[in-house]
Amino acid sequence: MTDVPARMTYAQKKLIDLLKARKLTAFAKDNGIDPTRLRACAVEENGVSFLMVSRLCHVIPPVDWLFHTDEEIPVERKTCQRFDCRTQVSRFVESHKFDYIEFSKENDIPYESAYKIFNIRTANPSLSMMRKLISKVNPIDYFIPADSDNDEESQLHEIPERGDLLKFGKNYILVLSNRDHNEKTGTVSGLKILPHGTGRRIETRLYSGFCEENFIVTESIEGKNPLLMGKVDSESVQYCLAKVRVIFS
């Protein structure tokens, strides 16, 4: 058997275990992958592409490709439906369609790379970039389609709820109005979240920005399908709500 690397990722270990058990070829064929190429991914350092990760994201958690077995995985290990990065746009890429310049500056991503990934979409995020952003983005989000309604955190409720971070075009809004208000009025009200500012930092797995405490906005949800960018932690919601309590009491 081919020599195995002294240090391997969790995903490589899975493949090597299959190789040792003489099951790697069958595993590759079951998933429509060339066995020789998959064998190379198992034993070669830096031999894994974004395309390969996307083709196996339904059986191997994407984060397993980013960390070695002597490291602790810092996020929940998740799989998702198989993702075709050649024809589908991930919700991570879509979420930074308009603010990719600011996002690249904040996260020290070369502008040319960000432009190709988010604007003209001729490139995919590198695995090193995915690891770099691990504290902000769970790797599963690189492989869930932007129009998916199956993932519990990306699926917009029929009626938005307090604490939802919604994206309306270029605008991000932290919903502070309650569900009953939203249903009765067909609108949501809350604070606008900007990529830069001096207010409280607001974060979800898909977006990080700052609330503008005096920038109260109302958006109609009738006939619209805003993108749910995740749930904001309750402490931040209560902090923001206290600033505008007189309106939303």
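Since the structure is predicted, the reported quantities are computational estimates derived from the model, not experimental observations. (Residues numbered from 1 in each chain as written. Predicted model: local features only at pLDDT ≥ 70, side-chain atom pairs only at ≥ 80, totals over all residues. Heavy atoms only, no water.)

**Student:** Mind showing me how you'd approach the pattern of salt bridges here?
**Tutor:** Should the charged atoms of two oppositely charged side chains come close, the side chains can pair. Inspection of every chain in the model, using the stated rule, returns 15 salt bridges. Salt-bridge contacts for Lys231 lead to Asp164; the nearest nitrogen and oxygen are separated by 2.9 Å. With Lys231 in strand E6 (residues 227-231) and Asp164 in strand E1 (residues 164-168), the pair connects residues that are 67 residues apart, well separated along the chain. With a shortest N-O distance of 3.6 Å, Glu235 and Arg200 are connected by a salt bridge. In this pair, Glu235 is assigned in helix H10 (residues 234-243) and Arg200 in the loop between strand E3 (187-194) and strand E4 (201-203), connecting sequence segments 35 residues apart. (Salt bridge = Lys/Arg side-chain N within 4 Å of Asp/Glu carboxyl O. Helix = DSSP H or I, 4+ residues; strand = E, 2+ residues; numbered from the N terminus.)

**Student:** How should a nonpolar patch on the surface be read in this particular structure?
**Tutor:** Together, Ile101, Tyr111, Tyr115 and Ile120 give the surface a local cluster of nonpolar side chains, amounting to about 350 Å² of exposed area. On the secondary structure map, Tyr115 appears in helix H7 (residues 111-119). On the basis of relative accessibility, which here comes to 31%, the residue Tyr115 falls in the partly exposed class. (Patch = residues over 30% accessible without salt bridge, like charges linked within 9 Å, V, L, I, M, F, W, Y side chains within 5 Å. Areas by Shrake-Rupley, 256 points an atom, 1.4 Å probe, with all protein chains shown as cover. Buried < 20%, exposed > 50% of the residue type's maximum accessible area, 1.4 Å probe, protein only.)

**Student:** Before we go on, may I ask you to explain the sheet that holds E1 in this structure?
**Tutor:** Adjacent strands of a sheet pair through backbone hydrogen bonds, lying either parallel or antiparallel. Pairing in this open sheet of six strands is antiparallel, and the strands run E4-E5-E3-E2-E1-E6 from one edge to the other. Taken across any chain shown, the strands that pair with only one partner, and hence form the sheet edges, are E4 and E6. Within this sheet the neighbouring strands show an average axis-to-axis angle of 45°, counted without direction. Pairing geometry for E3 and strand E5 (residues 208-220), over seven bridges, is antiparallel. When the sheet's bridge partners are listed, Ile193 is paired in E5 with Cys211. (Pairing = 2+ DSSP bridges. Axes fitted to C-alpha atoms, helices over the stretch in contact; angles between N-to-C directions.)

**Student:** Just to check I follow, could you spell out the packing of helix H1 (residues 10-20) against helix H3 (residues 35-43) for this structure?
**Tutor:** Axis angle and axis distance: for two packed helices, these are the angle between their axes and the distance between the axes, and together they describe the pair. In contact at an axis separation of 8 Å, H1 and H3 are set at 120° when each is read in the N-to-C sense. Between H1 and H3, the interaxial angle falls into the category oblique. Pair H1 / H3 crosses with left-handed handedness. Across the interface between the two elements, Gln12, Leu15, Ile16 and Leu19 of H1 pack against Leu38, Arg39, Cys41, Ala42 and Val43 of H3. Its residues assigned to classes, the contact of H1 with H3 shows seven nonpolar, one polar and one charged. (Parallel < 35°, antiparallel > 145°, perpendicular 65-115°, else oblique. Left-handed = near helix turned anticlockwise from the far one by under 90°. Contact = heavy atoms within 4.5 Å. Nonpolar A, V, L, I, M, F, W, Y, C, P; charged D, E, K, R; others polar.)

**Student:** Explanation requested: the environment of Val75 in the structure shown.
**Tutor:** Position of Val75 among the secondary structure elements: in the loop between helix H4 (50-56) and helix H5 (91-95). A C-alpha to C-alpha distance of 8.0 Å links Val75 and Val63, two positions twelve residues apart in sequence. Non-local contacts of Val75, meaning those with residues more than four positions away in its chain, are made with Val63, Ile134, Asn138 and Pro139.

**Student:** What exactly am I supposed to notice about the state of the cysteines here?
**Tutor:** Simply put, disulfide is the name for a covalent bond between the sulfur atoms of two cysteines. Across all of its chains, the model carries zero disulfides by this definition. Free cysteine Cys211: the closest other cysteine sulfur is in Cys240, separated by 3.8 Å. (Disulfide = S-S within 2.5 Å.)

**Student:** Any chance you could explain the side chain of Asp99 here in plain terms?
**Tutor:** Position of Asp99 among the secondary structure elements: in the loop between H5 and helix H6 (100-106). Salt bridges are absent for the buried Asp99, whose nearest opposite-charge side chain, Lys167, sits at 5.9 Å. Excluding anything up to four places from it in sequence, Asp99 contacts Tyr172 and Tyr207. (Lys, Arg positive; Asp, Glu negative; His and termini not counted.)

Take it as geometry only, folks, not as evidence of what the structure does.
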